[in-house]
Amino acid sequence: MSLSPTQTPKPQELSMPQNAVVLVGRILLALMFITSGYPKLIDPSGTAGMIAGAGLPAATALAYIAGLFELVAGLFILVGFQTKITAYLLAVFCVFTALVFHSGTINVPDFPEGANGLLTVFNGLMMWKNITIAGGFLVLAAFGPGSISLDARRAAA
């Protein structure tokens, strides 16, 4: 089947088990951001330190903004509200944080060389974790939140 440039493909109808799997996937993706965003709003100092260490300005303000973004975006993904745009934004956020905060070597002064090497390995794993999560968000953005979502309820109304 070929579509003209002005036609859009009809979304694939998912079975109820598939919709349940999409819901579970949304919950798992959302939990990471809800549980990461909330603490930044309560005590942004650790995040502000990382932001300042990366050379970005206004570290404390950016820590609060990041916390608020993570919390609200996580809640949006959880309930399936504005899912596509939120998933795209979270994908960009994940890639940005991977490259800015997790792509370098770690060298803590007065740490043994082996410990710094291990921290560098963990940092690399965090980078790939973020990039992998970005991939999950791109899939969610492309295929939508499923029928168990506020987006689906709004579309049906």
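Right above here is the structure, for reference.
None of these values were measured; they are calculated from a predicted model.

The rules behind each value
- Residues numbered from 1 in each chain as written.
- Predicted model: local features only at pLDDT ≥ 70, side-chain atom pairs only at ≥ 80, totals over all residues.
- Heavy atoms only, no water.
- Helix = DSSP H or I, 4+ residues; strand = E, 2+ residues; numbered from the N terminus.
- Rg over C-alpha atoms; globule rule 2.2 N^0.38 Å.
- Buried < 20%, exposed > 50% of the residue type's maximum accessible area, 1.4 Å probe, protein only.
- Contact = heavy atoms within 4.5 Å.
- Lys, Arg positive; Asp, Glu negative; His and termini not counted.
- Charge placed at Lys NZ, Arg CZ, Asp CG, Glu CD.
- Salt bridge = Lys/Arg side-chain N within 4 Å of Asp/Glu carboxyl O.
- Axes fitted to C-alpha atoms, helices over the stretch in contact; angles between N-to-C directions.
- Parallel < 35°, antiparallel > 145°, perpendicular 65-115°, else oblique.
- Left-handed = near helix turned anticlockwise from the far one by under 90°.
- Nonpolar A, V, L, I, M, F, W, Y, C, P; charged D, E, K, R; others polar.

## Quick look at the overall build of the chain
Along the chain, the regular secondary structure elements total six helices and zero strands. Along the chain direction, N to C, the helices and strands of the chain fall in the order α-α-α-α-α-α. Here the chain has a C-alpha radius of gyration of 19 Å; the compact-globule value for 157 residues is 15 Å, and the former is much larger. Considered along the principal axes of its C-alpha atoms, the chain spans approximately 60 × 35 × 30 Å. Taken across its 157 residues, the chain has 29% of its residues classed as buried. Long-range pairs, those at least 24 residues apart, make up 70% of the contacts in the chain between residues at least 6 apart in sequence. Charge-centre separation for the chain: the mean point of 7 positive side chains lies 19 Å from the mean point of 6 negative side chains.

## Observations concerning unusual backbone geometry
Located in the positive-phi region is Gln82, a residue other than glycine, with phi close to 50°. Its place among the elements puts Gln82 in the loop between helix H3 (59-79) and helix H4 (83-101). For Asp110, which is not glycine, the phi torsion reads 70° and is therefore positive.

## A closer look at the environment of Gly124
Position of Gly124 relative to the elements: it lies in helix H5 (residues 113-143). A residue is classified by how much of its surface remains accessible, and Gly124, at 22% relative accessible area, is partly exposed. For Gly124 and Cys94, which are 30 residues apart along the polypeptide, the C-alpha to C-alpha distance reads 14 Å.

## Here's the deal with the pattern of salt bridges
Evaluated as defined, the whole model comprises two salt bridges. Salt-bridge contacts for Lys40 lead to Glu70; the nearest nitrogen and oxygen are separated by 3.2 Å. One end of the pair, Lys40, is in helix H1 (residues 16-42); the other, Glu70, is in helix H3, and 30 residues separate them in sequence. In terms of burial, Lys40 and Glu70 fall into one category: buried. Here Arg154 ties to Asp151 by a salt bridge, and the two come within 3.6 Å at their closest N and O atoms. On the criterion of helical spacing, the pair formed by Arg154 and Asp151 is a turn pair, its members being three residues apart in helix H6 (residues 150-156). Residue classification places Arg154 among the partly exposed positions, given a relative accessible area of 46%.

## A few points about the environment of Pro145
You can see Pro145 is positioned in the loop between H5 and H6. Along the primary structure Pro145 and Arg26 are separated by 119 residues, whereas in three dimensions their C-alpha atoms are 7.5 Å apart. In contact with Pro145, other than residues within four places in its own chain, are Val22, Arg26, Gly80, Thr83, Leu140 and Asp151.

## Here we look at the packing of H3 against H4
Following both chains from N to C, one finds H3 and H4 inclined at 140°, their axes separated by 9 Å at the closest point. Comparing the axis directions of H3 and H4 gives the class oblique. In this structure, H3 crosses over H4, and the sense of that crossing is left-handed. Facing H3, whose interface residues are Phe69, Glu70, Ala73, Phe76 and Ile77, H4 presents Thr83, Thr86, Ala87, Leu89, Leu90 and Phe93. When its residues are assigned to classes, the contact of H3 with H4 shows eight nonpolar, two polar and one charged.

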